[in-house]
Amino acid sequence: MSITLRMTKFVALLCGLVSLAALLACASDEAPAPAPAGPSAEEIAKLVSDSVNASVSKAVADAVPEGTDPREIQRMVEAAVAASAQPGVSRADVESAVTSAVQSATAGQLTAAEVQRIVDASVQALPPPQIDASAIRPLVQQAVASSVPEGVSAEQIARLVEAAVDGATAGVPTRAELATSIEDAVRGASAGQLTAADVQNIVNASLVATEAAVERAQKAAEDAATAAKEAAAAAMAPPPEPMERMLDLPPVMSGYTRTIVSEFTFEEDVKSPRPWRVGMTLDQDQSVTLAWAGTIRHVIPGRMGSSYGRTWNQWTFMSPFITGHDLQPQASLAVAYDKSADGTSYILHLDPAAVFHDGSPVTAADVKAVWEFSATPAEQAPWGGIITYVKDMVGGAAVVNGDAETAEGLVALDDHRLQVNLVRQNELFPLEMSTSWMGVHKGFEQSKTDENWAEHPIGVGPFQVTYDPETRDVDITPAPNWWRTDPPRPSITYHIRHVPDRQVQEIQFRNSEIDVGFPFGDIADIMSPGHDLNMDMLFRPAPAAGMWYFAFDQTKPPFDDINVRKAFLHGADHKTITETLWPANFVATELMNPGFPCAQPEGHYTGWAYDPDMAKEALAASSYGSADALPAMTVSVFRPVIVSQAEVIQEQLKENLGVTLNIEVRESGQAEGEEVGIYRRSGGTAIADPDPALWGITHPDAPTPAGIMHPSNADRMRELWTTARSLSLDDPGRCAAFQAIEKEWLDSYPVMPIIGEGKFGSNVGIMVQPWMRDWDHLGQNGAFYIGMPYWKVATRDRGNAEYYR
Amino acid sequence: MLKYTFRRILFSIPVLFVILLATFALGFYGPGDPLRTFYGEELGEPDPAAIERLRKLHGLDRPFWTQFFDYIGGLLRGDLGRSILDRISVGRQVKATLTISAQLGGAAAVLLLALGVPLGILAAVKQNTWVDYLVVGTTIAGQSTPVFVLGPLLMIVFVLWLDVMNTPVGWDGFWSTKVIMPVFLMALGPMLTVVRQMRSGVLETLGQGYVRTARAKGLAERRVISRHIIKNAFTPVATSTGLIVAGLVTGVAFVELVFAIPGFGFYTLSGFQGRDFPVIMAGAVIGSSLTITANLVVDLTYAALDPRVRLG
């Protein structure tokens, strides 16, 4: 700009001297000389507008990612334009500047009309306002809206827009600069003796200089656009190609069919209720602190039942598959499976690239070894965990019983193929292999030399876990030897701190000391919009199945009589009782809640409604006829809230039916007494399929209902189960078969309901600080932390309202 | 005195044996089963075969006396066994947790005496004045309010309202400021006992002839209190303080629970909740040993405090 000014002054001085000489020689009342040839106002305006807008539009159009929130783009563009656009020269500006200069320079030697003509002519030659943020903005927005390539973050967009606008406006003289330039030239040249022609020449020279500046601005805009385009191209460059999965699989064995599962993807459309937004900055401390109320006793997959601990396992001890957002198996440690025609044998194809945290390759023999090791009695696998699946493998039961160390049904065909032969047809085997219990580690090897191996297990995955038994704290840190590129090697760490008191957890949460916690106190309270922590509770309803209930022992009188059971169900207001004692939960009405695969189409079974009259009729219709004839009945409970529930039921049955129900309150771990006829039980599933959802509660041979189902009901249920299990997953009648099982069970009045799974029972509500971004959780299938490698921590600031937008 | 001490130690062995036998018998014959607890009692009836396998694995299927003497044998070798639920060496856990609890308990005991004794004297000297009422009233309130109420309440005040500290949870070593609040609460619980005993002792001593004589000699009141009253009034306080300190050192479970301190008290409480016999037995061994030791120390202290007491 200083060169421009100097040039302008030089030209103006030259013209001034020439004009002065002419003025002395000629009459002073000559008409003003016409303006020199140059770009017209329209041409300059078009030049500037086209160059600037085209450059900016092009750069921005290349840079904006797909799916960006329009409001976010709006803010981004406004911020960029406001930050970049310089004040330009408007007609009014120049008019004012020239008038002022001429008036000060001519000292009254020109008539007012002459000065006016000069100024008008000058102004006509100037472009319209050269930089106008309000004009640029819609162009940028249009460009953004019309072209939105993927892969560019909001910050990158902002930077690119800013660079483009900066480039387009660089070098354009500002109002103050041009006014100063003209005034200096006029004053320097005239010394109070200019004619109208002199003034016109001076102004023309200034316009020439302005034109030069505009040309440079155009060039700068083009350069900026090129740079922005290159930057956009670099930013949009796809991440390095995921390691090419070597799907050079051996030929399919005779009698098998192959399924290549899809790769695990962190889907954008369901990614996060708290996405990363433009303007956010990463916190320097990318370690996440979580607080837990429970005892973290187990970090090893095989040692887990249904504890919270399993939630991170998909990323520390990878299972053959992982449950995706579509609730179907996706590639994890294995990339494909072959299934035999009868569904009794599978071959898992392990990813050849897979390595343990210690760098050693994961082989089929390792997977076989860790499953066998985990199922042995010495590993003390709990009910419902890995032993459920190992028992289904040929020879697995012997391992579980401690009678054998290896299961002959597990055969390592080569390094990357593990054949699993089952004792029964199992269409759900791939889904079972997606549960965290089947996670792989080197415990089978470590345990030989290190009795405390479980405190620092060697697993497979992007994270490794360590456990401190003295503090009960767990640390999850990026693991060495991560063998895939998606997710990339994480830069975030997790510290899971044992804080048993939930009230203390809440204090820590409010004081920003913990980033994630389970809901404190009354979940229903927090979920009400007026609660000050309401916005911090993330809740993702997940399809779920299961129920907590009081089970009648149908083999003992009086509960072998369906009418007695019916009277108990209708004789107490189970809905009100549950919803009072279990705030924010709902009473169980069926096993598969709406949204769960194969849930009853009409939803919410109503056959168990509170109806004292119906209860009385049922009791009267029973073989006992009245309450007086009923034998002693006892319900066994031990948890305080369940004791309260039993007490209210006891009271209502007494009031409505005159029935006396005894309550046995027992100690933890104490066996139920012989006289007990009602047991507290529950059941659910980690797999989104009606088979496991119903089996644990309705199959007469499952551990929970075994021995307490009425023989006639048991026979009927076995028939229904045989039918349902004979159907393949894609059989159109499969859902109806399982719905028939559920309906048959519900209509037999087998239980008094407590709470249903699927609302809060599946850990779907969680307290998350607002700076936890790209957060996602599914709340079931062990995939609670499915987005774990992708999470980011923005600057920790609870007062930042922007986080809650 | 040495002979007395040695005899007391010898006598403590059968006492300890009886305590262990009683604890073991309660665990063996009492209600509750760690394996049933482990399997999750409400998920369904545990597979009896699975329960039996684990019972055999942990040696719980053997006769009572075999198990008991096996445990005693291990104890004599310094082996406290392994947790049934965690399968982690109990000795290792005891060492880690008791170290923490002992530090906290020791600090709390010092604070207890440093505050309790002067406050008791003050309350006695200012008997039936507002000072007396304030001291006694405050200590009553301190003891009456459960720590799981008082702990979070103090946290809310100091962390959220005054914003002068982070939530004092966990264990970062004795010199961390995190220990201030738990130590204060540990001392506050038994403070009433010390204050009231000291107050009663001082009031009783004030009426003694030798105190009157001391005053008649023209001794200053401060000198009368320090030379003639405190020493005599402290004897009953020493008795109770010994047992209180033994309790503090083995951990105050609820303080440790509220402040997430991995101490011996919380460890033992978890063992009780899970019916984890080896952990429960460790709690009994350590707790009873410390109580016996504290009693011995108190008895020995008597002789030092009161020349009329003769050991033997």
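Note that the coordinates shown come from a computational prediction; the quantities given were computed from them, not determined experimentally.

Thoughts on the overall build of chain B
Phase 1 of the analysis: Looking only at helices and strands, one finds 13 helices and zero strands in chain B.
Phase 2 of the analysis: If you line up chain B on its principal axes, its C-alpha atoms span 85 × 60 × 30 Å.
Phase 3 of the analysis: Split by element, the accessible area of chain B, about 15100 Å² in all, is 67% carbon and sulfur.
Phase 4 of the analysis: Looking at chain B, you have 27 positive and 19 negative side-chain charges, and the mean spots of the two groups are 16 Å apart.

Structural notes on helix 12 (residues 264-273) of chain B
Phase 1 of the analysis: Judged by how many residues are buried, helix 12 of chain B sits mostly within the fold: eight of 10 residues are covered.
Phase 2 of the analysis: Among the residues of helix 12 of chain B, those classed as buried are Phe264(B), Gly265(B), Phe266(B), Tyr267(B), Thr268(B), Leu269(B), Ser270(B) and Gly271(B).
Phase 3 of the analysis: Buried positions along helix 12 of chain B lie against strand 11 (493-498) of chain A together with helix 5 (90-125), helix 11 (253-258) and helix 13 (277-305) of chain B.
Phase 4 of the analysis: Positive backbone phi, approximately 55°, marks Arg275(B), located one or two places after helix 12 of chain B.

Topic: the pattern of salt bridges
Phase 1 of the analysis: Using the criterion set out here, one finds 34 salt bridges over all chains in the structure.
Phase 2 of the analysis: Glu445(A) is the partner of Lys442(A) in a salt bridge, and the nearest nitrogen-oxygen pair spans 3.6 Å.

Considerations on the interface of chain B and chain A
Phase 1 of the analysis: If you look at the interface, chain B gives 46 residues, while chain A gives 47 residues.
Phase 2 of the analysis: For the pairing of chain B and chain A, the buried interface totals around 4200 Å² over both sides, and the portion due to carbon and sulfur atoms is 50%.
Phase 3 of the analysis: If you look at where chain B meets chain A, you find two salt bridges.
Phase 4 of the analysis: Between Glu451(A) and Arg82(B) there is a salt bridge whose closest N-O contact spans 3.5 Å.
Phase 5 of the analysis: The interface formed by chain B and chain A contains 13 residue pairs in polar contact (both at pLDDT 80 or more).
Phase 6 of the analysis: Those elements that place two or more of their residues in the side of chain B that touches chain A are helix 2 (34-39), helix 3 (48-57), helix 5, helix 7 (147-161), helix 11 and helix 12 of chain B.
Phase 7 of the analysis: Per-element tally for the side of chain B that touches chain A: the top contributor is helix 7 of chain B, with six residues.
Phase 8 of the analysis: Each residue belonging to the side of chain B that touches chain A can be placed in one class, and the counts come to 24 nonpolar, nine polar and 13 charged.

The rules we used
- Residues numbered from 1 in each chain as written.
- Chains lettered and ligands numbered in written order.
- Predicted model: local features only at pLDDT ≥ 70, side-chain atom pairs only at ≥ 80, totals over all residues.
- Heavy atoms only, no water.
- Helix = DSSP H or I, 4+ residues; strand = E, 2+ residues; numbered from the N terminus.
- Areas by Shrake-Rupley, 256 points an atom, 1.4 Å probe, with all protein chains shown as cover.
- Lys, Arg positive; Asp, Glu negative; His and termini not counted.
- Charge placed at Lys NZ, Arg CZ, Asp CG, Glu CD.
- Buried < 20%, exposed > 50% of the residue type's maximum accessible area, 1.4 Å probe, protein only.
- Contact = heavy atoms within 4.5 Å.
- Salt bridge = Lys/Arg side-chain N within 4 Å of Asp/Glu carboxyl O.
- Buried area = accessible area lost by both parts, 1.4 Å probe.
- Polar contact = N/O pair within 3.5 Å; in protein donor to acceptor, adjacent residues only side chain to side chain.
- Nonpolar A, V, L, I, M, F, W, Y, C, P; charged D, E, K, R; others polar.

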